[in-house]
Amino acid sequence: MAPTDSGSAAGTRLIILLGCASAFALPTLGQEATPSPFDESGFYFGADAGALDYDNACDPHALSCDERAEAWGAFAGYRFGRHFSLELGGLDLGEVHAVYPRVTSTLDVTGDVDGYVLSGLFSLPLSERWQAFTRAGGFRWQAETSSAEFQTTDEDWWAVLGGGLTWHFQPSWQLRFQYLYLDDLGNVDIGRANGQVA
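Residues numbered from 1 in each chain as written. Predicted model: local features only at pLDDT ≥ 70, side-chain atom pairs only at ≥ 80, totals over all residues. Heavy atoms only, no water.

1. Points about the environment of Trp167
Okay, so step 1: Position of Trp167 relative to the elements: it lies in strand β7 (residues 151-170).
Okay, so step 2: Residues Trp167 and Ser127, spaced 40 residues apart in sequence, show a C-alpha to C-alpha distance of 9.7 Å.
Okay, so step 3: Contact partners of Trp167, with chain neighbours within four places excluded, come to Arg129, Trp130, Trp173, Gln174 and Leu175. (Helix = DSSP H or I, 4+ residues; strand = E, 2+ residues; numbered from the N terminus. Contact = heavy atoms within 4.5 Å.)

2. Remarks on the pairing of strand β4 (residues 84-101)
Okay, so step 1: Two elements, strand β2 (residues 64-65) and β4, share two bridges in a ladder whose sense is antiparallel. The residue bridging Ser64 from the neighbouring strand is Val99, located in β4.
Okay, so step 2: As paired strands, strand β3 (residues 68-79) and β4 are joined by eight bridges and run antiparallel to one another. Bridge pairing in β4 links Ala74 to Gly90.
Okay, so step 3: Here β3 folds back onto β4 in antiparallel fashion, the turn holding four residues, of which Gly81 has a positive phi close to 90 degrees.
Okay, so step 4: Taken together, β4 and the strand that follows it, strand β5 (residues 106-125), pair antiparallel across an intervening segment of four residues. (Pairing = 2+ DSSP bridges.)

3. Concerning the pattern of salt bridges
Okay, so step 1: For the coordinates displayed, the defined rule picks out four salt bridges.
Okay, so step 2: Between Arg135 and Glu87 there is a salt bridge, with its nearest N and O atoms 2.8 Å apart. With Arg135 in strand β6 (residues 130-147) and Glu87 in strand β4, this residue pair connects regions lying 48 residues apart in the sequence.
Okay, so step 3: Judged by its relative accessible area of 6%, Arg135 falls in the buried class.
Okay, so step 4: One salt bridge in this structure joins Arg140 and Glu155, with 2.9 Å as the shortest N-O distance. Here Arg140 is found in strand β6, whereas its partner Glu155 is found in strand β7, with 15 residues between them in sequence.
Okay, so step 5: A residue is classified by how much of its surface remains accessible, and Arg140, at 23% relative accessible area, is partly exposed. (Salt bridge = Lys/Arg side-chain N within 4 Å of Asp/Glu carboxyl O. Buried < 20%, exposed > 50% of the residue type's maximum accessible area, 1.4 Å probe, protein only.)

As far as function goes, none of this settles anything; it's purely spatial.
Spelled out as structure tokens, the structure:
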């Protein structure tokens, strides 16, 4: 996220770390408990929350540059038994702010990214309450870089990959810890980034 002579943002690399992601799952209504909660098919929904760390989000000549921001999201999915799920969610990756020098003043620049994730999950139970999973899909992102001098927006589809662990600590509740890699967000006009969400 950096100003250029044309009033756009220069290409950057962005590393995003999302802290503890929490998921709250609800199996199909009316189902009785089974020996393994991961065997149940049904709809579920949940929320993600955490913090982000940015790497190379600003040009070296920036007077200041945010390195942390909050992130959050919500999702819903359908679990097809023990191993497969399909999930759709919204993800807000927060904002990053920077200040750049001008001849007689400074320029405040803000960049933010959000979007929708559609992915399939493959899961493997590790014990009665723990499960490992991987995911692959697409991220429909919208990004904006703005200041008092310009505003630039763009959107596109990019691949998303990830994985993590699920802890089933109550009959209808889970806590999920996951890592996501969002490849090559942005372009030369708004700034380019790779996102890593954990």
